[in-house]
Amino acid sequence: MIRTAEKNRKQRFSNLPIGIGSILKVAFAVVGFTLWGWSFVAIIAGLYVAWNIIKVAVSCLISLAVIIGFILLLIVLIF
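Residues numbered from 1 in each chain as written. Predicted model: local features only at pLDDT ≥ 70, side-chain atom pairs only at ≥ 80, totals over all residues. Heavy atoms only, no water.

Some words on the overall build of the chain
So, point 1. Secondary structure assignment for the chain yields three helices and zero strands.
So, point 2. Put simply, the chain runs from its N terminus to its C terminus through helices and strands in the order α-α-α.
So, point 3. Here the chain holds 79 residues, and 4% of them are scored as buried.
So, point 4. Summed over its atoms, the accessible surface of the chain is roughly 7600 Å², and 76% of this surface lies on carbon and sulfur atoms. (Helix = DSSP H or I, 4+ residues; strand = E, 2+ residues; numbered from the N terminus. Buried < 20%, exposed > 50% of the residue type's maximum accessible area, 1.4 Å probe, protein only. Areas by Shrake-Rupley, 256 points an atom, 1.4 Å probe, with all protein chains shown as cover.)

Thoughts on the packing of aromatic side chains
So, point 1. Across all of its chains, the model carries three aromatic pairs by this definition.
So, point 2. Joined through ring pairs, the aromatic side chains of F28, W36 and F40 make up one cluster. (Phe/Tyr/Trp six-rings, centres within 6.5 Å; stacked < 30°, edge-to-face > 60°.)

Section: helix α2 (residues 20-36)
Residues spaced three or four apart along an α-helix face the same direction, because each turn holds 3.6 residues.
So, point 1. Look at α2: 24 Å from first C-alpha to last across 17 residues, which is about the 24 Å you get at 1.5 Å a residue.
So, point 2. Directly beyond the C-terminal end of α2, a positive phi value near 80° is found at G37. (Expected span 1.5 Å × (residues − 1).)

So, a nonpolar patch on the surface
So, point 1. A grouping of L61, L64, I67, I68, F70, I71, L72, L74, I75, I78 and F79 is seen on the molecular surface, where their side chains present a nonpolar patch of about 1200 Å² in accessible area.
So, point 2. With respect to the helices and strands, the residue I71 is situated in helix α3 (residues 38-78).
So, point 3. What makes I71 partly exposed here is its relative accessible area of 44%. (Patch = residues over 30% accessible without salt bridge, like charges linked within 9 Å, V, L, I, M, F, W, Y side chains within 5 Å. Salt bridge = Lys/Arg side-chain N within 4 Å of Asp/Glu carboxyl O.)

Re the confidence of the model for the chain
So, point 1. Scored by pLDDT, the chain has a mean of 84; 80% of the residues are at 70 or more.
So, point 2. No element of the chain has a lower mean pLDDT than helix α1 (residues 2-10), which averages 59, and none a higher one than α3, which averages 93. (pLDDT = per-residue confidence, 0-100.)

A few points about the packing of α2 against α3
Two quantities define a packed helix pair, namely the angle between the helix axes and the distance between the axes.
So, point 1. Where α2 contacts α3, the axes come no closer than 6 Å and their chain directions differ by 130°. Judged by the angle between their axes, α2 and α3 are oblique. Between α2 and α3, the contacting residues are F28, A29, G32, F33 and W36 on the first element and W38, S39, F40, V41 and I44 on the second.
So, point 2. A class-by-class count of the residues in the contact of α2 with α3 yields eight nonpolar, two polar and no charged. (Axes fitted to C-alpha atoms, helices over the stretch in contact; angles between N-to-C directions. Parallel < 35°, antiparallel > 145°, perpendicular 65-115°, else oblique. Contact = heavy atoms within 4.5 Å. Nonpolar A, V, L, I, M, F, W, Y, C, P; charged D, E, K, R; others polar.)

Have a look at this one:
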């Protein structure tokens, strides 16, 4: 009896193939396109591409800073 109740509690999630976040993204895109047209789509696509480029650039800069810090630490400890 207890196991059945536990199984019923675990099975209360939805088996929908699409999540609420995806639905909100689609709704945002439809509303934006309806209000502003193709310029909205271009801006969102540009931000998406720019965000990926910015993430790579920041990651590269952080790696470069860590390498420079390590080299400076070695120079200070050796000399």
